Amino acid sequence: MTSIPFSRRTLLAGAAIAGAMTQIRQAAAQTTDAAKDLKEVLTPVAATDINSLPRVQVQLVDPPFVHEHEQVATGGPKVVEFQMTIQEKKITLDDSGATYWASTFNGTVPGPLMVVHEGDYVELTLINPETNELMHNIDFHSSTGALGGGALTQINPGEKCVLRWKATKPGVFVYHCAPPGMVAWHVVSGMNGAIMVLPRDGLKGRDGEAVTYDKVYYIGEQDFYVPRDEAGNWKEYDTPGESYEDTIAVMRTLIPTHVVFNGAVGALMGDNAMKAKVDETVAFVHSQANRDTRPHLIGGHGDYVWATGKFNNPPERGLETWFIPGGTAGLMVYTFEQPGVYAYVNHNLIEAFELGAAGHVVVEGDWNDDLMTQVLAPSPI
């Protein structure tokens, strides 16, 4: 049986990890054997001459912001180069003292949003620093083959790999870590993000009209499962491995302790609120790698909504709330008509107002009394 080599740091991740090692080794062996069998029976399809394509290096940015990109592609397909470094880090979820050992792509929950065009090649360099404890990989829901890349990107601490795949399906898609035997734990530890594959000629409405945006924000919704001690206090751990067994127990209740946007309660409020102006058209990419969600913009609407995020399907118009299944990313485009503070929430209002799945959009501009006005201020009856 083939097993995955582990560094000393990985083996010291804790006794809890050892309980999952048999599953990991079995899955890794099956993956390796299957790959050998495929090489023996499959004839490779003639590939594009990658060396003849132009290359573009993209510097990823932290959510909710998105790196610069063209909405309509100029020229033919390109090789778009990205680099992400995996970080295992303790994060604070709220002001009650709840902390969590997160596994992250590039240090953020969610990981960065990547943007390419249909027909482009995504070439990702994935780095797992030796300071980490765990093996990681990446599964792109938008890619085709090898468990979404997960079978080709299993890297231990101190290793890196390069994965290239062709973006053949337009839409917004989830990516996440999916190591053998520990998929759920890594996903709910924050190790997920999204990629947007735009049509080469840009987004189109139901009647073929061009749909463009002035700015775009990326909202990653995350469920966390934080263990408590016998007195009901949040438990803390020195390493990710030490938290494993207790966290798994909470996960199996299927009841999250936190449901948040972009890694923490209030992460998209106050100084970190999303910004817009009246008459600006804003695109909101929303992903949830594990649970269903129901985004809603209080005071606004979804002018164009791809709730399941796939641009070969026509968008719905004028929605109040839209449904994004777990493991999916969606896109909403809205032109703001009034100034003020808009609440962007998961319209399971318990999750929004009790568990944290809410953010703000602060919009500047002139008020339009024709759209809304206060005819009578609160006064005695």
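Described below are features of the structure shown in this document. (Residues numbered from 1 in each chain as written. Predicted model: local features only at pLDDT ≥ 70, side-chain atom pairs only at ≥ 80, totals over all residues. Heavy atoms only, no water.)

The element strand 17 (residues 302-306) is extensively covered by neighbouring structure, given that four of its five residues are classed as buried. Bridging between strand 17 and strand 18 (residues 316-319) involves three bridges; their strand directions are antiparallel. In the sheet register, Gly302 faces strand 18, and the bridge partner there is Leu319. Relative to strand 19 (residues 328-335), strand 17 runs antiparallel, the two being bridged by three bridges. Its bridge partner lying in strand 19, Val305 is registered against Met332. (Buried < 20%, exposed > 50% of the residue type's maximum accessible area, 1.4 Å probe, protein only. Helix = DSSP H or I, 4+ residues; strand = E, 2+ residues; numbered from the N terminus. Pairing = 2+ DSSP bridges.)

Turning our eyes to something else, we now look at helix 4 (residues 240-251). Regarding helix 4, the residues found buried are Pro240, Gly241, Ser243, Tyr244, Thr247, Ile248, Val250 and Met251. End-on, the buried residues of helix 4 take up no more than an arc of 150 degrees, which puts them together on one face. (Arc of directions from axis to C-beta.)

Okay, a nonpolar patch on the surface next. Among the surface-exposed residues, Ile298, Leu349 and Phe353 lie close enough to one another that they form a single nonpolar patch of about 270 Å² accessible area. Here Ile298 is to be found in strand 16 (residues 295-298). A residue is classified by how much of its surface remains accessible, and Ile298, at 35% relative accessible area, is partly exposed. (Patch = residues over 30% accessible without salt bridge, like charges linked within 9 Å, V, L, I, M, F, W, Y side chains within 5 Å. Areas by Shrake-Rupley, 256 points an atom, 1.4 Å probe, with all protein chains shown as cover. Salt bridge = Lys/Arg side-chain N within 4 Å of Asp/Glu carboxyl O.)

A word on the sheet that holds strand 21 (residues 358-364). Paired through their backbone hydrogen bonds, the strands of a sheet run either parallel or antiparallel. With mixed pairing, four strands are arranged side by side in an open sheet as 14-21-20-16. Each end of this open sheet is capped by a strand with a single partner; those strands are strand 14 (274-277) and strand 16. On average, adjacent strands in this sheet sit at an angle of 25 degrees to one another, irrespective of strand direction. Where strand 20 (residues 340-346) lies against strand 21, six bridges are found, and the strand directions are antiparallel. Bridging across to strand 21, Gly340 finds its partner in Val363. (Axes fitted to C-alpha atoms, helices over the stretch in contact; angles between N-to-C directions.)

Our focus in this paragraph is unusual backbone geometry. Comment: phi is negative for the bulk of residues other than glycine, and the bulk of peptide bonds are trans. Looking along the chain, the bond that leaves Pro63 and enters Pro64 is cis, with omega of 10 degrees. Along the chain, the position of Pro64 falls in the loop between strand 1 (55-57) and strand 2 (79-92). Across the junction of Val109 and Pro110, the peptide omega takes the value 0 degrees, indicating a cis bond. Mapped onto the elements, Pro110 comes out in the loop between strand 3 (99-105) and strand 4 (113-117).

Okay, the sheet that holds strand 13 (residues 258-261) next. Reading across from one edge, 13-12-15-19-17-18 is the order of the six strands in this open sheet, with mixed pairing throughout. What marks the edges here is a single partner per strand, and that holds for strand 13 and strand 18. Averaged over all adjacent pairs, the angle separating strand axes in this sheet is 25 degrees, with direction ignored.

Right, let's get into the nonpolar core. By size, the foremost hydrophobic cluster in this structure holds 25 residues, and its most contacted members are Phe82, Met84, Phe105, Met114, Leu126 and Phe140. Of all the elements in the fold, those that place two or more residues in this core are strand 2, strand 4, strand 5 (121-128), strand 7 (159-166), strand 8 (171-176) and strand 9 (192-198). It is strand 2 that provides the largest number of residues to this core, a total of four residues. The residues touching Met84, leaving out its near neighbours within four places in the chain, are Leu60, Phe105, Asn106, Pro112, Met114, Leu124, Thr125, Leu126, Ile127, Ile138 and Tyr175. Membership of the second largest hydrophobic core comes to 24 residues, among which are Leu268, Val305, Leu319 and Ala357. (Core = buried A, V, L, I, M, F, W, Y, C linked by side-chain atoms within 4.5 Å. Contact = heavy atoms within 4.5 Å.)

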